[in-house]
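Chains, contacts and geometry: an overview
Okay, here's what each chain looks like letter by letter:
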Amino acid sequence: MNTPSFDPVDLFLASVRAVPDRPALEVDGRAWTYAELDELSRRVAGWCEANCGGVGRVAVHGAKTVLAYAGILGVLRSGRAYVPLHPDHPAGRWQSILQRSGVRSVIAPAEAQADLRVAGAGHFLDLESLPTALATSTARHTDEAYVMFTSGSTGEPKGVPVGRVQLTAYLRHVCTAYSFTSTDRFSQFFALSFDLSVHDLFVCWSAGACLCVPPGDGALQSKAFIRDQGITVWFSVPSQAALLQRMKALQPGSMRLLRRAFFCGEALTADLARAWVQAAPEAEVVNLYGPTETTIAIAEQKVLPGHWEVPGGIIPLGKPFPDHIARVRDGNDLHEQGEGELVLSGPQVNAGYIGDAARSKAFFVAEGRKWYATGDRVLVDEAGVLHFLGRMDGQVKLAGHRVEPGEIDALLGPKLGGGRAVTVAVQRSGATELATFIDVEMDPVVLYAALREKLPAYMLPARILFVDRFPLGPHGKLDRKALIERATHG
Amino acid sequence: MDRQEVRKWIVDHAGERFARIGLHADEVTDDLDLLHTGVLDSLAFVDLFAALIDATGKDLDLESSLAKSGSTTLGGLVKLFT
């Protein structure tokens with residue numbers, strides 16, 4: 001008997017053979033069968049073959065149309081890696097991503113192409129120009145599967161290339177640890193530029209199931225979406241569940257069709273998990289954890305109804321996937337238990353950052369293994385379960401997105417005429433938001449305009465506040481706590 | 001509250017967030033979409049909606065209200081709550 005392949009394209013093709021006439025994708029009010037998506041993606045792969053030569057990366061504009069989904073599949077089928085571009089991000093961010101990833105070819109709807117051309121793109125594919133010729137080559141032009149860009153503290157986004165082998169390792173675990181069927185209907189809330197979307201697509205397609213893309217205000221109308229679309233497998237950041245809770249939409253028993261729910265990207269509180277379990281009593285709820293650098297998620301914790309007394313009121317991050325090792329780092333020492341920075345090793349750990357692989361301190365070798373230092377402060381208990389305690393640095397999660405406040409400060413610095421910007425995260429009304437302090441009096445409208453050229457909306461601080469002088473602590477260092485206090489209560 | 005009062009309440013409430021999209025509060029027009037332009041994120045919009053329910057005493061369901069065209073614009077919200 002052949003060992004099944006968990007390569008993302010092989011998983012999709014196995015479903016094409018098994019259930020060609022079942023829906024693979026529902027988007028924009030239309031269903032696309034596996035056979036139809038197979039043909040579209042082969043045509044995309046054919047275009048890549050004809051136009052991209054030996055170049056290993058192709059960008060995909062992330063507007064959620066059939067073109068983007070066929071584009072991702074097609075790029076992978078052509079033996080290349082895709083670089084997703086969020087449709088709402090400014091051209092300045094696209095430009096930075098295209099430059100840093102060395103990409104000029106973009107799969108994008110016609111209406112987005114003028115802005116993309118300004119950002120540096122040179123070749124385009126849209127549905128109208130899709131060739132009829134199907135791909136014939138099986139050559140691999142790169143070991144990468146995709147490149148995701150996250151916030152970088154230097155003022156530029158940071159590119160994380162994720163390998164095909166690493167993605168295959170992830171899919172091997174998730175597709176065998178959890179059972180899915182071709183009658184399942186998966187939610188697809190994540191932006192295609194968020195690596196958790198990769199789970200949505202390929203875990204769904206591994207089962208011959210249907211990927212359901214919510215229309216319009218996906219987050220705000222997700223309860224109606226579950227009901228109307230008959231969603232059976234949910235995946236979102238906890239913030240989206242918190243939004244439903246805030247809308248009083250998590251009434252007990254209100255989501256009985258759900259049979260699995262995955263959460264990832266930020267801390268899942270026990271209170272929220274309990275409300276979710278009551279609303280979806282038939283669903284197995286799983287808390288996933290993992291940085292982009294270690295491929296989507298690398299640890300898991302099944303939520304056990306009734307076990308709500310957890311440290312800090314936060315559901316544990318759980319145990320690492322099989323074949324992976326977690327340690328806490330204390331200086332140069334790695335420990336199996338205790339508190340400290342979480343470091344991870346195993347087949348899902350990637351090679352480094354674009355243009356920074358050799359210099360990055362986050363990737364290191366010890367005990368004969370390669371490790372990734374997450375920057376997350378954890379407790380590893382006697383059972384080997386990881387508990388999230390906070391961050392080692394100032395990185396913030398906003399609705400699951402990593403934000404380095406230093407990126408905002410680096411962009412504002414040159415606009416302040418010798419002044420300085422300091423961004424802090426504050427809790428207001430139970431949510432995390434950013435507040436930026438500046439020590440020169442300037443119209444925030446002008447500063448926001450500068451930020452909007454480079455940053456996505458979620459990275460814009462909620463407020464820009466003026467201070468005469470930055471508060472200092474007893475040793476003359478910036479007193480961030482005082483700024484947080486002022487932003488919270490001032 | 002009458003129409004003008006609800007409008008002023010919303011503009012005051014969103015206040016400093018208009019700067020995010022390059023507007024001062026006195027430049028805001030009724031067709032401004034508070035959600036899709038990025039003035040408010042989803043959570044802030046839900047909070048605004050809940051605060052409007054408290055302020056006006058008009059108990060509306062957010063999900064069904066959102067299904068109405070233009071309900072996330074300033075003018076649309078004013079119409080819903082007057």
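The structure reproduced in this document is the subject of the present report. Every value quoted in this text rests on a predicted model; they were computed, and no experiment measured them. (Residues numbered from 1 in each chain as written. Chains lettered and ligands numbered in written order. Predicted model: local features only at pLDDT ≥ 70, side-chain atom pairs only at ≥ 80, totals over all residues. Heavy atoms only, no water.)

Let's talk about the overall build of chain B
Of regular secondary structure, chain B possesses 4 helices and 0 strands. Counted from the first residue to the last, chain B has its helices and strands arranged as α-α-α-α. At 12 Å, chain B has a C-alpha radius of gyration in line with the 12 Å of a compact globule built from 82 residues. Principal-axis analysis of the C-alpha atoms places the extent of chain B at approximately 30 × 25 × 20 Å. Within chain B, the fraction of its 82 residues that count as buried is 49%. Taking contacts inside chain B between residues at least 6 apart in sequence as the whole, the part at least 24 apart equals 55%. Accessible surface, chain B as shown: approximately 3900 Å² in total, 50% of it carbon and sulfur. (Helix = DSSP H or I, 4+ residues; strand = E, 2+ residues; numbered from the N terminus. Rg over C-alpha atoms; globule rule 2.2 N^0.38 Å. Buried < 20%, exposed > 50% of the residue type's maximum accessible area, 1.4 Å probe, protein only. Contact = heavy atoms within 4.5 Å. Areas by Shrake-Rupley, 256 points an atom, 1.4 Å probe, with all protein chains shown as cover.)

A look at the overall build of chain A
A count of helices and strands for chain A gives 13 helices and 26 strands. Taking 490 residues into account, the globule formula puts the C-alpha radius of gyration at 23 Å, and chain A, at 23 Å, falls close to it. If one aligns the C-alpha atoms of chain A with their principal axes, the spans along those axes are about 70 × 55 × 50 Å. Counting over 490 residues, chain A shows a buried share of 59%. Contacts in chain A between residues far apart in sequence, at least 24 positions, make up 67% of those at least 6 positions apart. Accessible area for chain A stands at about 19900 Å²; split by element, carbon and sulfur atoms hold 50% of it.

Things to note about the side chain of Glu-404 of chain A
Residues and elements named next belong to chain A. Among the structural elements, Glu-404 can be located in the loop between strand 23 (401-403) and helix 11 (405-412). Buried within the structure, Glu-404 lacks any salt-bridge partner; its nearest side chain of opposite charge belongs to Lys-158, at an N-O separation of 4.6 Å. At 3.2 Å, the side chain of Glu-404 and the side chain of Gln-395 are in polar contact. (Lys, Arg positive; Asp, Glu negative; His and termini not counted. Salt bridge = Lys/Arg side-chain N within 4 Å of Asp/Glu carboxyl O. Polar contact = N/O pair within 3.5 Å; in protein donor to acceptor, adjacent residues only side chain to side chain.)

Focus on the pairing of strand 19 (residues 363-366) of chain A
Residue and element names in this part refer to chain A. Note: strand 19 against strand 20 (residues 369-380), 4 bridges, orientation antiparallel. Counterpart to Val-365 in the pairing with strand 20 is Lys-370. Counted between consecutive antiparallel strands, the loop separating strand 19 from strand 20 contains 2 residues, among which Glu-367 sits at a positive phi close to 55°. (Pairing = 2+ DSSP bridges.)

As for the interface of chain A and chain B
On the chain B side, the residues contacting the 24 residues of chain A number 19 residues. Taken together, the two surfaces of chain A and chain B that pack against each other cover about 1800 Å², and 59% of this comes from carbon and sulfur. Our count for the contact surface shared by chain A and chain B stands at 3 salt bridges. Joining chain A to chain B, the criterion identifies 8 residue pairs in polar contact (both at pLDDT 80 or more). Going through the elements one at a time, helix 8 (222-229), helix 9 (238-246), strand 25 (431-438) and helix 12 (444-452) of chain A are the ones with two or more residues in the side of chain A that touches chain B. With 4 residues, the single largest contributor to the side of chain A that touches chain B is helix 12 of chain A. The class makeup of the residues in the side of chain A that touches chain B is 13 nonpolar, 2 polar and 9 charged. (Buried area = accessible area lost by both parts, 1.4 Å probe. Nonpolar A, V, L, I, M, F, W, Y, C, P; charged D, E, K, R; others polar.)

Functional significance is not addressed by these values, which are geometric in nature.
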